[in-house]
Amino acid sequence: MRVCTFNVNSIRSRLEIVQNLVKEYNIDVLCMQEIKVENEKFPLIDGDFECVIHGQKKLHGVATCSRYPIEKYEKGFDGELSEPRFIYTLINSVHIINIYAPLGDNYGDRFEYKIYFYNKLFEWLKRFCLEKDKVLICGDFNISHTDLDVWDEVIWEGEVTHLPEERAILSKFLNIGFIDVIREAYPNEKVFTFYDYRGAAVYKNEGLRLDYILVTKPLF
């Protein structure tokens with residue numbers, strides 16, 4: 001089962017890109033964030049996908065689309081408050097959690113919200129036995145965990161997504177039994193998933209890794 005995570009930044013604006021991605025890489029489960037659309041206006045994805053959509057107009061929102069039957073799902077949890085940022089699905093005996101975490105700020109209200117979101121997520125995860133259950137968490141975490149996850153560690157020191165408290169959140173996932181699949185594949189390389197659209201950042205390789213797929217050992 002091939003799982004992909006993608007912050008689409010408006011599914012209706014990126015639909016052609018999504019369709020091409022699904023076709024080129026033969027995606028079975030597509031977890032999308034920042035869909036920016038109401039549930040009833042979510043577009044069809046080519047390829048006979050069943051979708052669970054948790055959206056709203058213009059902001060936020062997540063969707064999980066699967067070629068396999070979705071055996072169970074939950075939309076939303078205590079940590080997201082009024083912003084749609086969480087979907088749980090059970091697909092092929094794999095518990096898949098799709099998140100779009102708050103960006104936060106430099107120790108203001110949005111920082112507090114981000115910490116609250118993750119604290120509630122760790123509470124929610126207590127329902128699983130992480131040593132035995134097949135659990136996959138993916139999405140836009142809005143955290144750059146280590147210096148390998150930022151293009152310039154000096155510039156990003158003390159900046160949002162790379163604050164010590166944020167980096168500790170990713171460490172906690174690893175400490176309770178999750179595996180960072182990208183870091184396992186590329187242990188010493190800078191791998192980025194986000195580039196600012198300004199300043200030709202993508203061509204300069206000035207990026208961040210904000211998106212993750214974390215799995216428990218039974219899936220690795």
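Novice: Which residues make up the sheet that holds strand β1 (residues 3-7), and what values go with them?
Specialist: Here four strands make up an open sheet; going across it, the order is β1-β2-β4-β3 and the pairing mixed. Each having just a single partner strand, β1 and β3 (50-54) make up the two edges of the open sheet. Strand-to-strand, the axes of this sheet are offset by a mean angle of 10°, without reference to chain direction.

Novice: Please provide a residue-by-residue account of the state of the cysteines, values included.
Specialist: Applying the stated criterion to the full structure yields one disulfide. Here cysteine 51 pairs with cysteine 65 through a disulfide, and the sulfurs are 2.2 Å apart. Taking the sign of the S-S torsion, about 115° here, the bridge from cysteine 51 to cysteine 65 comes out right-handed. Residue cysteine 51 is found in strand β3, and its partner cysteine 65 is found in strand β4 (residues 62-66); the two are separated by 14 residues along the sequence. Not part of a disulfide, cysteine 31 finds its nearest cysteine sulfur in cysteine 138, a span of 3.5 Å.

What counts and what doesn't
- All residue numbers refer to positions counted from 1 along the written sequence of the respective chain.
- Only residues with pLDDT of at least 70 are given local features in this predicted model, and only at 80 or more are side-chain atom pairs given and counted; all residues enter the totals for whole chains, interfaces and linings.
- Excluded from the side-chain calculations are hydrogens and water; all other atoms, namely the structure's heavy atoms, are used.
- A pair of strands is considered paired only if DSSP assigns at least 2 bridges between the two.
- Counting from the N terminus, the helices are DSSP H or I runs at least four residues long and the strands are E runs at least two residues long.
- For every element, the axis is a line fit to its C-alpha atoms; helices are fit only across the contacting stretch, and the angle between N-to-C directions ranges from 0 to 180 degrees.
- For this text, the term disulfide refers to a pair of cysteine sulfurs within 2.5 Å.

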